[in-house]
Amino acid sequence: MTKRIVTILVLVLVLGSLFLVPKISAHTSMVSIGVRGGGQTYLSSTTDPSSSVQGTFGAAGTVDLRYTFYGCLTDRFGIGFTLGAGVGYGSTGIKGNHTDTYTNFDYLGNQMDYTVSSAFKQTDRFAKGEATLMASFCFGNVILNIGPRFMIPFSASSSLTITEANIDAYYPAYNVHVVNEQITGELETPYNCNPSPVIRNPYSVLMAAELGYEWYFNAKSCLGFQLYADVSVWDKKGDGLPVTGYGAPFIQISPITDAANPVPTVTVGDVDPLISGRRYLDFGVRVYYAFSVSDNSSRRIRPSRDSRQHRNRILLY
């Protein structure tokens, strides 16, 4: 409920800025070209009480192009909006631990109670396209942007590594444990595989916030530096991913049915049924170059160059 309220308030703020700025006669328009770099991860929970999962951090980079419109409320404060588009690439993933318990039988009818404990790490790599609409504020040379960002991942690949696997087969009739033996099931680690590429979230709506500072070269151009953070507030689940919770064992040991070949088959499944609420988070820094494209020359906003140590962010002339 709190997440929904915050999202609604931010959307109202963005729409309010779009409504307000056309009513302000003094204004300026800026185009910026920037690069963003930092980290990204998943905020996740598990569908199974015997599991624990957490996001792992990977690197991310994005190139973006933006248009910003500011209306001048005072000589220090401006309000407007930012429209942008970008493309980027990065990696992130999830690691965790899981325990399966189930019962098999051998070819003699002996009951075998299995406890299979494992540790895993899944890494996703993907490119992404994005579109941004944010409310923008300038306080002197300080810039604040906040609003929604629409993200579409594409060209994805995944890798899965089982870092630990302990297979304990217990024979209750004999009170005997057989652990990590070929005759009852063994998986050498690290065990690596490449699942079929799946876009886990075909698109996401992120809430974005950016805070930074601009240094002006002249009345028409500047260099900016911002800290940013994006977190998903809504995700579309990908086709081919499980829609229900955990079901089949993650590491499956087959029953021993053949006396001539009494070695069970060990099958590694998919970790996606163990993961719930996979929310995207990224953060880092943005560096950009911006220049004015305003055609309102008689009412243009420019940086102050007076003797008051640049106390005024904008002046009209």
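Predicted model, so just to flag it, every value in this text is computed and none were measured.

### Details of the packing of aromatic side chains
Taken as a whole and assessed by the stated rule, the structure comprises 15 aromatic pairs. Their ring planes at 35° and their centres at 6.1 Å tell us that Tyr289 and Phe291 sit as a pair that is tilted. Taking relative accessible area as the criterion, Tyr289 reaches 36% and is therefore assigned partly exposed. Exposure remark for Phe291: the relative accessible area of 29% places this residue in the partly exposed category. Pairwise contacts between aromatic rings join Tyr67, Phe69 and Phe81 into one cluster. The aromatic ring of Tyr228 is capped on one face by Arg36, whose charged end is 5.0 Å from the ring centroid.

### Quick look at unusual backbone geometry
Most peptide bonds take the trans configuration, and most residues that are not glycine carry a negative phi. Cis geometry marks the peptide bond from Thr189 to Pro190; its omega dihedral reads 0°. Mapped onto the elements, Pro190 comes out in the loop between strand 7 (176–179) and strand 8 (191–193). With a phi angle near 50°, Ser155 is a residue other than glycine that sits in the positive phi range. Structurally, Ser155 can be placed in strand 6 (residues 142–171). The class of Ser155 is exposed, set by a relative accessible area of 56%. Non-glycine residue Asn180 carries a positive phi angle of around 50°.

### A word on the nonpolar core
Tyr114, Phe120, Ile162, Phe250 and Ile251 are the most contacted members of the largest nonpolar core, which totals 28 residues. Among the elements of the structure, strand 4 (77–105), strand 5 (111–139), strand 6, strand 11 (251–253) and strand 13 (275–292) are those that each provide at least two residues to this core. It is strand 6 that contributes the most residues to this core, seven residues altogether. The next biggest cluster of nonpolar side chains, apart from the first, holds eight residues, and it includes Tyr70, Cys138, Tyr216 and Ala290.

### A few points about the pattern of salt bridges
Under the definition given, this model contains 11 salt bridges. We note a salt bridge from Lys128 to Asp282, for which the minimum N-O separation is 3.4 Å. Pair noted here: Lys128 is in strand 5 and Asp282 is in strand 13, with a separation of 154 residues, a long-range link. With its nearest N and O atoms 2.6 Å apart, the salt bridge here joins Asp272 to Arg278. The buried category is assigned to Arg278, whose relative accessible area is 11%. Through salt bridges with shared partners, one network takes in Arg36, Asp64, Arg66, Glu130, Arg149, Glu210, Asp230 and Arg286.

### Overview of the pairing of strand 1 (residues 27–46)
As paired elements, strand 1 and strand 3 (residues 58–72) share 14 bridges and run antiparallel to each other. Within strand 3, the residue paired with Gly38 across the bridge is Ala60. Bridging between strand 1 and strand 13 involves 16 bridges; their strand directions are antiparallel. Opposite Tyr42, over in strand 13, you have Tyr280 as the bridge partner.

### Describing the environment of Leu187
Within the secondary structure, Leu187 is located in the loop between strand 7 and strand 8. By relative accessible area, Leu187 is classed as buried at 12%. In this structure, the C-alpha to C-alpha distance between Leu187 and Ala165, residues 22 residues apart in sequence, is 6.5 Å. Once you skip the residues sitting within four places of it in the chain, Leu187 turns out to touch Ile162, Ala165, Ile167, Ile251, Val266 and Val268.

### What about the side chain of Thr82?
Here Thr82 lies in strand 4. Accessibility expressed as a relative area gives 2% for Thr82, which makes it buried. For Thr82, the side chain forms a polar contact with the side chain of Thr68, separated by 3.0 Å. Non-local contacts of Thr82, meaning those with residues more than four positions away in its chain, are made with Arg66, Tyr67, Thr68, Thr132, Leu133, Met134, Ser136 and Asn145.

### Brief notes about the environment of Ser51
By secondary structure assignment, the location of Ser51 is in the loop between strand 1 and strand 2 (52–56). As for Ser51 and Ala119, which are separated by 68 residues in sequence, their C-alpha atoms are 9.6 Å apart. Beyond its immediate stretch of four places on either side in the chain, Ser51 contacts Thr46, Asn97, His98 and Leu274. Side chain to side chain, Ser51 and His98 meet in a polar contact 2.4 Å long.

Definitions and limits used
Residues numbered from 1 in each chain as written. Predicted model: local features only at pLDDT ≥ 70, side-chain atom pairs only at ≥ 80, totals over all residues. Heavy atoms only, no water. Phe/Tyr/Trp six-rings, centres within 6.5 Å; stacked < 30°, edge-to-face > 60°. Buried < 20%, exposed > 50% of the residue type's maximum accessible area, 1.4 Å probe, protein only. Lys NZ or Arg CZ within 6 Å of the ring centre and 35° of its normal. Helix = DSSP H or I, 4+ residues; strand = E, 2+ residues; numbered from the N terminus. Core = buried A, V, L, I, M, F, W, Y, C linked by side-chain atoms within 4.5 Å. Salt bridge = Lys/Arg side-chain N within 4 Å of Asp/Glu carboxyl O. Pairing = 2+ DSSP bridges. Contact = heavy atoms within 4.5 Å. Polar contact = N/O pair within 3.5 Å; in protein donor to acceptor, adjacent residues only side chain to side chain.

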